[in-house]
Amino acid sequence: MKNEQKYTTLQLTTLVVLRLLIGWHLLYEGLSKLYNPSWSSKGFLSESQWILSGFSDWVISNSSVLNVVDFLNTWGLIAIGLGLILGLFARTAAIAGALLLLMYYFNNPPLIGLEYSVPTEGNYLVVSKTLIEAVAMVALALFSTSSVFGLDYFISKLKKS
Amino acid sequence: MAQDKNQNKDKKGSEKTASGMSIQRRTLLKAMVGVPVLGALAFEVAQKNSYDISKKKRIVKELGLNDIEAPSILKSSSKDKRDLIRVGMIGFGNRAKALSSALGFLHPLDTKNRRDSGSLENWLEQDDLNVAVTGICDVFDLHAENGLATARNEVRPGNPPASSIPVKRYLNYQEMLDDKNIDAVMIATPDHHHAPIAIAAARAGKHIYCEKSPVQREWELNALYDAVKESKVTYQLGHQITKNVIFQQAKEIVKRDILGKITLVETTTNRNSASGAWIRHLDKNGNLLPGDEKSIDWEQWLGNRPQKPFTVDRYYNWTKWFDYDMGMIGQLFTHEFDAVNQLLRIGIPATVSSSGGIYYWKDNREMPDSLHCVFEYPNHNLTLLYSGNLANSNNRGRVFMGHDATMELGGSISITPDGSSTRYKKQLAEGIISPSEPMITMNPNSGKVDAVTSATEKYYSSRGLTNTFVNGKKVDVTHLHVKEWIDCIRSGELPTANIERAYEEGAAILMAQKSYLEKRQVKWDPVNKKIV
């Protein structure tokens, strides 16, 4: 956990800002879903193509599984967002976030030949913002900042004493 | 001096602690860097929520739509339903399965399928209507067996005690109508039997739930009307669409004149599959579905129609021939007509002209696969248009066009202001609303009025009309329609799709069919109650 001390101030600041921005994004995504009672992952999953489409079809076909997925998704986003912003269990949050976003990506990858009925807000070929954000979170997990700039400081202190 | 030294020492000591404390404070502050960010997010979220609410409120309030609410009464009190109603099912094909489910009866196989897919629980929450299916009548042994198994299934909503009344199979409908132990019948046969059975049932004093279409021949129209009117039975036609929350909201919108003067209503059918074109006699692997002359009483199936040899094609795909049905007019336009008539109460058209042809499904059919009918209502200053096509599925929707706004009514509602509207001139000029996007959408999933939603939300909400959401719960619309029929049997009130509406619909579809067959415009003679 001595990584932080090897960074220059600018490197450290950039990493912390990146962490806060991604945290903000995921937390708000989660809150929006929480506030919208009619939100369900069903629409997204019904668009699923490529390797995860079988899994998605199974989730949609079973309403209790769909409810669990909706719950985990909403609260997962909120927990990951809080973790990244507060720097609490930030490494776990970043890894979990990367996995979640990779799951989104592999459900709807912008590959040639896959057509979606909902238009995207940008132009993507293979690489999408979701994929980039996932990799950015992998970077956050590897270059951790939370034991100085985050509540993980208290946890590392507790461990020492 | 000694004192001085001591003082110096103290000074140094305190300097050390002060710097130590400030280092610690800085470390603490660093660790808490996320807290102000979280605060900023909370502030932004609160700001955004109040902005969204005020924007929605403003549009919704200016249109006077702030108090449109979804109906909340779903269950009748046990007092209202103390008398058991004994129901006989006439015809037990696919539609009867759906009607049974709406009554609270599933085939054991469907119970299992629903349990496996996790949808059984939702069905079990349906209101127990205190009915027993005590009679099954079908010309096909296999279907009758399905009916008996369904009626005997003890897995029921509300978990009532098993019925002590045995379930009986009747070999023909007259036998069922003669039985004093049947109170009401549900008719879900091919269409050429609907009116004859309904007329006989009314005369026998049995309450009637009849699938569309109500009539096939002109003589049946007045005969059915008179038979029901002379009896005390409750007649309900099978158009469940009015039970959708969305529909009730559309009714409010029309009532409050949000659209302005409506002069044109466009209704459509857009299908592009063999099943959609009523080719339904094959299973998934292309093999013929079951049924032969041994297991099907073909004479009875034909009824009073001309003799034709039995074929699996004719038995399952009867919609293709005019002897048994009116094709798109009978199967699909009836739903459209009911939706429009329930909203606008336009009744019987003054004139109808239809045209079309068999342009794609060139099999042995008589009914057109491309059909367009124009219904004129000079007394309402309105034209109703129907355009059906079975070889393209581009969704053209159901659109009500008023001087001030256009309403598209499907699984959801979207209302778009007209650029030249008089009523919304001010709001259009201010840029609060624009003709390029809906000013109001109503989403069946929330049952709430929702002004200005995203394109994606709109896209998803436009699907599905089989269920509606009441108080956040998914409810089968057919259940609500059947429930209304049962409630009206007990209370003696008139249901929504009553005999008056059925008469208007019957007249409209007979006119459309006659116009297509005779290739001319037909008129309604209101004095003699006939088509000329």
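Predicted, not measured: the structure shown is a model, and the values here were computed from it.

Scoring rules and cut-offs
- Residues numbered from 1 in each chain as written.
- Chains lettered and ligands numbered in written order.
- Predicted model: local features only at pLDDT ≥ 70, side-chain atom pairs only at ≥ 80, totals over all residues.
- Heavy atoms only, no water.
- Helix = DSSP H or I, 4+ residues; strand = E, 2+ residues; numbered from the N terminus.
- Buried < 20%, exposed > 50% of the residue type's maximum accessible area, 1.4 Å probe, protein only.
- Contact = heavy atoms within 4.5 Å.
- Areas by Shrake-Rupley, 256 points an atom, 1.4 Å probe, with all protein chains shown as cover.
- Lys, Arg positive; Asp, Glu negative; His and termini not counted.
- Charge placed at Lys NZ, Arg CZ, Asp CG, Glu CD.
- Disulfide = S-S within 2.5 Å.
- Salt bridge = Lys/Arg side-chain N within 4 Å of Asp/Glu carboxyl O.
- Domains from an automatic or database assignment.
- Buried area = accessible area lost by both parts, 1.4 Å probe.
- Polar contact = N/O pair within 3.5 Å; in protein donor to acceptor, adjacent residues only side chain to side chain.
- Pairing = 2+ DSSP bridges.
- Phe/Tyr/Trp six-rings, centres within 6.5 Å; stacked < 30°, edge-to-face > 60°.
- Lys NZ or Arg CZ within 6 Å of the ring centre and 35° of its normal.
- Expected span 1.5 Å × (residues − 1).
- Arc of directions from axis to C-beta.
- Axes fitted to C-alpha atoms, helices over the stretch in contact; angles between N-to-C directions.
- Parallel < 35°, antiparallel > 145°, perpendicular 65-115°, else oblique.
- Left-handed = near helix turned anticlockwise from the far one by under 90°.
- Nonpolar A, V, L, I, M, F, W, Y, C, P; charged D, E, K, R; others polar.
- pLDDT = per-residue confidence, 0-100.

Engineer: How should I be thinking about the overall build of chain A in this particular structure?
Structural biologist: Looking only at helices and strands, chain A features eight helices and zero strands. Projecting the C-alpha coordinates of chain A onto the three principal axes gives extents of approximately 50 × 35 × 25 Å. By residue count, 42% of the 161 residues in chain A fall in the buried class. For chain A, contacts bridging at least 24 residues in sequence account for 76% of all contacts bridging at least 6. Surface exposure of chain A reaches about 9000 Å², of which carbon and sulfur atoms provide 71%. Here chain A contributes 10 positive and 9 negative side-chain charges, whose respective centroids are spaced 19 Å apart.

Engineer: Is there a simple way to think about the state of the cysteines in this case?
Structural biologist: Between two cysteines, a covalent bond joining their sulfur atoms is known as a disulfide. This structure, assessed with the given rule, holds zero disulfides over all chains. In this structure Cys137(B) is not part of a disulfide, and its nearest cysteine sulfur, from Cys210(B), lies 14 Å away.

Engineer: Can you walk me through the pattern of salt bridges in this structure?
Structural biologist: A side chain with one charge may pair with a side chain of the opposite charge, provided their charged atoms come close. Residue and element names in this part refer to chain B. Counted by the stated rule, this structure contains 20 salt bridges over all chains. Taking the shortest distance from any N to any O, the salt bridge between Glu252 and Arg256 comes out at 2.9 Å. Between Glu518 and Arg520 there is a salt bridge, with the nearest N and O atoms lying 2.8 Å from each other. One connected set of salt bridges, linked through shared partners, spans Asp313, Lys320, Asp363 and Arg365.

Engineer: Please clarify how the domain arrangement of chain B should be interpreted in this entry.
Structural biologist: Frequently, the measure chosen for interface size is the accessible area removed from exposure when the parts meet. All names here are of chain B. Entries for chain B in the domain assignment read domain 1 (85-242) and domain 2 (244-471 + 500-531). Taken together, the 31 residues of domain 1 in the interface contact 44 residues of domain 2. The three residues of domain 1 that bury the most area against domain 2 are Val139, His192 and Ile241, which together make up 21% of that side's buried surface. The interface formed by domain 1 and domain 2 contains two salt bridges.

Engineer: Would you mind showing me how to read the side chain of Lys33(A) here?
Structural biologist: Residues and elements named next belong to chain A. Along the chain, Lys33 falls in helix H2 (residues 9-35). With relative accessibility at 15%, the residue Lys33 sits in the buried group. Engagement of the side chain of Lys33 in a polar contact is seen with the side chain of Glu29, the distance being 2.8 Å.

Engineer: Help me out: how do you make sense of the pairing of strand E18 (residues 522-525) of chain B in this one?
Structural biologist: For a regular strand, the rule is simple: side chains alternate between the two faces of the sheet. All names here are of chain B. Sheet topology note: the strand E8 (residues 351-357)/E18 ladder contains two bridges and is antiparallel. Considered in E18, the bridge of Thr351 is made with Lys523. Between the end of E18 and the start of strand E19 (residues 530-531), which pair antiparallel, lie four residues, with Lys529 showing a positive phi angle near 50°.

Engineer: For this particular structure, what's the right way to read the packing of aromatic side chains?
Structural biologist: Tallying each qualifying case throughout the model produces 17 aromatic pairs over all chains. Arranged with centres 5.2 Å apart and planes meeting at 70°, the rings of Tyr153(A) and Phe154(A) form a pair that is edge-to-face. The class for Phe154(A) is partly exposed, based on a relative accessible area of 31%. These aromatic residues form a ring-pair network of at least three members: Phe140(B), Trp298(B), Trp301(B), Phe310(B), Tyr315(B), Tyr316(B) and Tyr324(B). Between the NZ or CZ atom of Arg156(B) and the centre of the ring of Phe105(B), over which it lies, the distance is 3.9 Å.

Engineer: Would you take a moment to explain helix H6 (residues 141-152) of chain B for this structure?
Structural biologist: Residues spaced three or four apart along an α-helix face the same direction, because each turn holds 3.6 residues. All names here are of chain B. Here H6 is twelve residues long and its end C-alpha atoms lie 16 Å apart, about the 16 Å a rise of 1.5 Å per residue gives. When we look at burial in H6, the residues that qualify are His143, Ala144, Gly147, Leu148, Thr150 and Ala151. Looking straight down H6, one finds that the buried residues subtend no more than 165° of arc, so they occupy a single side. Where the residues of H6 are buried, they touch helix H3 (94-103), helix H4 (108-117), strand E2 (131-137), strand E3 (168-170) and helix H12 (312-316).

Engineer: Looking at this structure, how should I read the environment of Arg365(B)?
Structural biologist: Residues and elements named next belong to chain B. Mapped onto the elements, Arg365 comes out in the loop between E8 and strand E9 (370-377). A C-alpha to C-alpha distance of 19 Å links Arg365 and Arg217, two positions 148 residues apart in sequence. When residues no more than four places from it in sequence are discounted, the contact partners of Arg365 are Ala277, Ile279, Lys320, Trp321, Ile358 and Leu390. In terms of polar contacts, Arg365 uses its side chain to reach the backbone carbonyl oxygen of Ala277, at 3.0 Å. Within the local environment of Arg365, its side chain forms a polar contact with the side chain of Asp363, the two groups lying 2.8 Å apart.

Engineer: So what exactly am I meant to see when it comes to the sheet that holds strand E4 (residues 184-187) of chain B here?
Structural biologist: Pairing between sheet strands relies on hydrogen bonds along the backbone, with the strands arranged either parallel or antiparallel. Residues and elements named next belong to chain B. Read across the open sheet, the six strands follow the order E3-E2-E1-E4-E5-E6; overall the sheet is parallel. Every interior strand has two partners, whereas the edge strands, E3 and strand E6 (235-237), have only one. Direction aside, neighbouring strands of the sheet carry axes that sit 25° apart on average. As paired strands, strand E1 (residues 85-90) and E2 are joined by six bridges and run parallel to one another. Paired with Met89 across the strands is Ile136, a residue of E2.

Engineer: I'm lost on the packing of helix H5 (residues 63-86) of chain A against helix H6 (residues 90-107) of chain A in this one. Help?
Structural biologist: Each packed pair of helices is defined by two parameters, the angle between the axes and the distance between the axes. All names here are of chain A. Packing of H5 against H6 brings their axes to within 9 Å, and their N-to-C directions diverge by 140°. Taken together, the axes of H5 and H6 are oblique relative to one another. Considering only the axes of H5 and H6, their crossing is left-handed. Where H5 approaches H6, its residues Asn73, Leu77, Ile80, Gly83 and Leu84 are matched on the opposing element by Ala90, Ala93, Ala94, Ala96, Gly97, Leu100 and Tyr104. Grouping the amino acids of the contact of H5 with H6 by side-chain chemistry returns nine nonpolar, three polar and no charged.

Engineer: Just to check I follow, could you spell out the confidence of the model for chain A for this structure?
Structural biologist: Interpretation of the predicted coordinates at a detailed level should be avoided for regions scoring low in pLDDT. Mean pLDDT over chain A stands at 84; residues scoring 70 or higher make up 91%. The spread of mean pLDDT over the elements of chain A runs between helix H1 (residues 3-6) of chain A, the lowest at 65, and helix H7 (residues 129-142) of chain A, the highest at 94.

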